[in-house]
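Observations on chain architecture
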Amino acid sequence: MSYQVLARKWRPKSFPAMVGQTHVLRALINALDSDRLHHAYLFTGTRGVGKTTVARIFAKSLNCENGITSSPCGACSACIEIDQGRFVDLIEVDAASRTKVEDTRELLENVQYAPTRGRFKVYLIDEVHMLSTHSFNALLKTLEEPPPHVKFLLATTDPQKLPMTILSRCLQFNLKRMAPEMIAGHLEYVLAEEGVGFDKAAVVQISEGADGSMRDGLSLLDQAIAYGAGKLVDDEVRAMLGTIDRSYIYKLLQGLVDVDAASILDTINGLAQQGIDFSAVLAELVSQLHRLALAQAVPQTAEGLPEQEAIISLAQAISQEDIQLYYQIGLIGRRDLPFAPELRSGFEMIMLRMLAFRPDVGSQSSRQQKQTENTALQAVAHNRSQSPAMASKPYANTISEASAESVPTAIAEEPDAPVVGSWHEIVAQLGLRGMVQQLAANSEMISRDAGVIQLVLSAQHASLRRKSLEMQLQDAVQKYFSEAIKLKFSTAAGTQAQHTPAVIDKRQADNRQQAAADAINTDPNVRCIQESFNAQIVANSVRPIE
């Protein structure tokens, strides 16, 4: 017997065998079981999601010799002939090849005659949107009032091209694209039944390459089995699909963590030598940033993924703010990349832009200069827009200088701050990032004795109590003290954890903000402008010098 491709061999023959599309199956099953049958059904959706399969199972349910049922027996002559595509009363029409009005009229000439074998004469018209306008007109009356023994099952990937007169006469069911996880689960089942060995990562690649289509997934699976000589190996599937080795993506992300431009450019050079499309690299980078953000918000989302360890490690090393920044730069970069002189140079600039715009990159003096300008110039922005003469006044520089001198550049630590081991200063020098930094910043050191440090974590941050994060913080503290230190954590109760580094930083920031606002409000030059031009300080525009 000749080989049958997987997409045909594993085409479902009953509703329970269908993968996904439960919203459509539920409606059809209930209609069949209650004998509330419409005369025309329209199934829409992208390629390979089961439109024609659902229609054939529905036709089998209508004509099963055991009666109209949502569970056809599959053993009677009608069921067998429908499965084999030779049932005389199931007329399948490819509208793409029969677009002329003469073809439609010829088809409809036999509608009035009773079915030869089955209970209903079923017309299954695939890609119905390809019919001409005259064909639709010829079909219209019959579709609206067919004989009681006729059912129309229409399928299309482009329902927008159907006339409203056709749409209004059909029950419409939209089949959804399938999730990669759903496709991967079915592919693993097929591989197990076929006795083919596989790597889980290879199946994941194929399911993502299927782009929501189960039929495409099975076709790619057929191709991968042939390519791998009877087995699925991750590297071989990647070579077949031309997909990107994600280890390169994680190297790029690690380069961002380490602020290592040389490492990033070296990784890009490695990708270029493989002839990889850099627009695809950028798309994969953005996709992985999304995964990192999910892992930070809900750690369980990383469980079971082939790259779970790498994802968790990067999610802990990169702050939430940086991930959001990189994601936004990546999205804008995808839009602008086609305009770059060369895709590689455009991608390099996007990566360097991520480094350049990190919040902690840049000299302290440049940030101070920017804050000084914002403090003084924004204070009169409102009146400046209303008074053109303001542009000629020599006030701007004077205000900027006076304001900068009057705003204190440092605020002494609160007198009630904890002094046990100066945990606030220790955390500032550990160089932590991401979730580990959050764990340290929201903990208060209550004692240090005999190589043991007792930390109490604020109650609202109790979710940070994870063994992996605690061990990373312990390793950083041991390196800081150059001795063996053990950290013991507890969760705050009552008035505990009131002097964590995060609380102290917030209090100091509030003090600096208040001092900056007071300096602007009492600045004589600002007051002169307010009186001369009836100016007002823009709310929330005053910022202290960091």
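Everything numeric here is computed off the predicted structure, so don't read it as measured data.

**Digging into the packing of helix α16 (residues 320–336) against helix α17 (residues 343–356)**
- The geometry of α16 relative to α17 is characterised by a closest axis approach of 10 Å and an angle of 155 degrees between their N-to-C directions. Put simply, α16 runs roughly antiparallel to α17. Of the two possible hands of crossing, α16 and α17 adopt the one that is right-handed. When α16 is examined against α17, the residues Tyr-326, Ile-329, Gly-330 and Gly-333 are found in contact with a partner set consisting of Ile-350, Arg-353 and Met-354.
- Looking at the contact of α16 with α17 residue by residue, the class counts come to four nonpolar, two polar and one charged.

**As for the pattern of salt bridges**
- Counted according to the given criterion, the structure contains 23 salt bridges.
- For Arg-117, the salt bridge goes to Glu-81, with nearest N and O atoms at 3.0 Å. Taken as a pair, Arg-117 in the loop between α5 (101–108) and β3 (121–126) and Glu-81 in helix α4 (residues 77–84) lie far apart in primary sequence, 36 residues in all.
- With a shortest N-O distance of 2.7 Å, Glu-470 and Arg-465 are connected by a salt bridge.
- For Arg-465, a relative accessible area of 35% corresponds to the partly exposed category.
- Each of Glu-208, Arg-246, Glu-284, Arg-291 and Glu-307 takes part in salt bridges that share partners, so that together they form one network.

**Observations concerning the packing of aromatic side chains**
- If you walk through the whole model with that rule in mind, you get seven aromatic pairs.
- A ring pair is formed by Tyr-123 and Phe-152, whose centres lie 5.4 Å apart and whose planes are at 25 degrees; its orientation type is stacked. Highlighted residues: Tyr-123 in strand β3 and Phe-152 in strand β4 (residues 150–156), separated in sequence by 29 residues. The burial state of Tyr-123 is the same as that of Phe-152; both residues are buried.
- Ring centres 5.4 Å apart and planes at 40 degrees place the aromatic pair Phe-278 and Phe-347 in the tilted group.

**Structural notes on the pairing of strand β2 (residues 90–94)**
- Of the pairings in the sheet, the one linking β2 to β3 comprises five bridges and is parallel in character. Paired with Ile-91 across the bridge in β3 is Tyr-123.
- Chirality of the crossover, the property in question, places the unit of β2, α5 and β3 among those that are right-handed.

**Focus: the pairing of strand β8 (residues 443–449)**
- Inspection of the sheet shows β8 paired to strand β9 (residues 452–457) by six bridges, in the antiparallel sense. Bridge assignment links Glu-444 to a residue of β9, and that residue is Val-456.
- Here β8 folds back onto β9 in antiparallel fashion, the turn holding two residues, of which Ala-450 has a positive phi close to 55 degrees.

**Describing helix α10 (residues 214–227)**
- Between the first and last C-alpha of α10 there are 20 Å, a value that for 14 residues agrees with the 20 Å anticipated at 1.5 Å per step.
- Those residues of α10 that fall on the buried side of the exposure criterion are Met-214, Gly-217, Leu-218, Leu-220, Leu-221, Asp-222, Ala-224 and Ile-225.
- Ala-229 sits one or two residues past α10 and shows a positive phi near 55 degrees.

**Description of a nonpolar patch on the surface**
- Residues Leu-265, Met-349 and Leu-352 make up a contiguous nonpolar surface patch of about 250 Å² in total accessible area.
- With respect to the helices, strands and loops of the structure, Met-349 is situated in helix α17.

**Describing unusual backbone geometry**
- Notably, Asp-211 is not glycine yet its phi reads approximately 55 degrees, a positive angle.
- Using a relative accessible area of 38% as the deciding quantity, one classes Asp-211 as partly exposed.
- You will see that Val-259, though not glycine, has its phi angle at about 50 degrees, which is positive.
- Checked against the element boundaries, Val-259 lands in the loop between α12 (246–258) and α13 (261–273).

**What to know about the sheet that holds β4**
- Read across the open sheet, the five strands follow the order β2-β3-β4-β1-β5; overall the sheet is parallel. In the strand order of this sheet, the two ends are held by β2 and β5 (171–174), each with one partner. The sheet shows a mean angle of 15 degrees between the axes of neighbouring strands, taken without regard to direction.
- Where helix α2 (residues 22–34) meets the sheet, it contacts β1 (40–44) and β5, and its direction lies at approximately 150 degrees from that of β5.

**Some words on the nonpolar core**
- Counting 34 residues, the largest nonpolar core has Leu-253, Val-281, Leu-292 and Met-351 as the members making the most contacts within it.
- At the level of elements, α12, α13, α14 (278–297), α15 (308–317), α16 and α17 are the ones that each hand at least two residues to this core.
- With eight residues, the single largest contributor to this core is α14.
- Not counting the four nearest positions on each side in its chain, Met-351 is found in contact with Leu-252, Leu-256, Ile-264, Ile-268 and Leu-285.
- Counting 28 residues, the second largest nonpolar core, distinct from the first, contains Val-49, Phe-58, Val-122 and Leu-124.

**Side note on the confidence of the model for the protein**
- Mean pLDDT over the protein: 84, with 88% of residues reaching 70 or higher.
- When the elements of the protein are averaged for pLDDT, helix α20 (residues 395–406) gives the smallest value, 40, and β1 the largest, 95.
- Low pLDDT, under 50, characterises residues 361–420; the stretch is placed with 83 contacts to residues that sit more than four places away or in other chains.

Conventions adopted
- Position labels on residues start from 1 in each chain and follow its written sequence.
- The predicted origin of the model limits local features to residues at a pLDDT of at least 70 and limits the giving and counting of side-chain atom pairs to 80 or more, whereas totals for whole chains, interfaces and linings rest on all residues.
- Side-chain metrics rest on all non-hydrogen atoms present in the structure, leaving aside hydrogens and water.
- Fitting a line to C-alpha atoms yields each axis, with helices limited to the stretch in contact; the angle taken between N-to-C directions then spans 0 to 180 degrees.
- The helix count covers DSSP runs of H or I at least four residues long, the strand count covers runs of E at least two residues long, and both are numbered beginning at the N terminus.
- Comment on the angle field: the value is read as roughly parallel under 35 degrees, roughly antiparallel over 145, roughly perpendicular from 65 to 115, and oblique elsewhere.
- Definitions for this section: a left-handed crossing has its near helix turned counterclockwise from the far helix by less than a right angle. A right-handed crossing has that turn clockwise.
- Only heavy atoms enter the contact rule, under which two residues are in contact if any of them lie within 4.5 Å.
- Only Asp, Glu, Lys and Arg are considered charged in this grouping, and only Ala, Val, Leu, Ile, Met, Phe, Trp, Tyr, Cys and Pro are considered nonpolar; every other residue, Gly among them, is considered polar.
- Any Lys or Arg side-chain nitrogen located within 4 Å of an Asp or Glu carboxyl oxygen qualifies as a salt bridge.
- Each residue's exposure class comes from its accessible area (1.4 Å probe, protein chains only) as a fraction of the maximum for that residue type: buried when under 20%, exposed when over 50%, partly exposed otherwise.
- Between 30 and 60 degrees the pair is tilted, below 30 it is stacked and above 60 it is edge-to-face, where a pair is any two Phe, Tyr or Trp rings, Trp via its six-membered ring, whose centres lie within 6.5 Å.
- One bridge is not enough; two strands pair if DSSP finds at least two bridges between them.
- Think of it like this: strands point away, you trace from the first strand over the helix to the second, and a clockwise trace means the crossover is right-handed.
- Given a helix with a known number of residues, its expected span is that number minus one, times 1.5 Å.
- Patches were defined on residues exceeding 30% relative accessible area and lacking a salt bridge, with like-charge contacts within 9 Å and nonpolar side-chain contacts (Val, Leu, Ile, Met, Phe, Trp, Tyr) within 5 Å.
- For the area figures, the Shrake-Rupley method with a 1.4 Å probe applies, and any residue is considered shielded solely by the protein chains shown.
- Take the buried residues of types Ala, Val, Leu, Ile, Met, Phe, Trp, Tyr and Cys, join any two whose side-chain atoms come within 4.5 Å, and each joined set is a nonpolar core.
- The predictor's confidence in any single residue is recorded as pLDDT, a number from 0 to 100.

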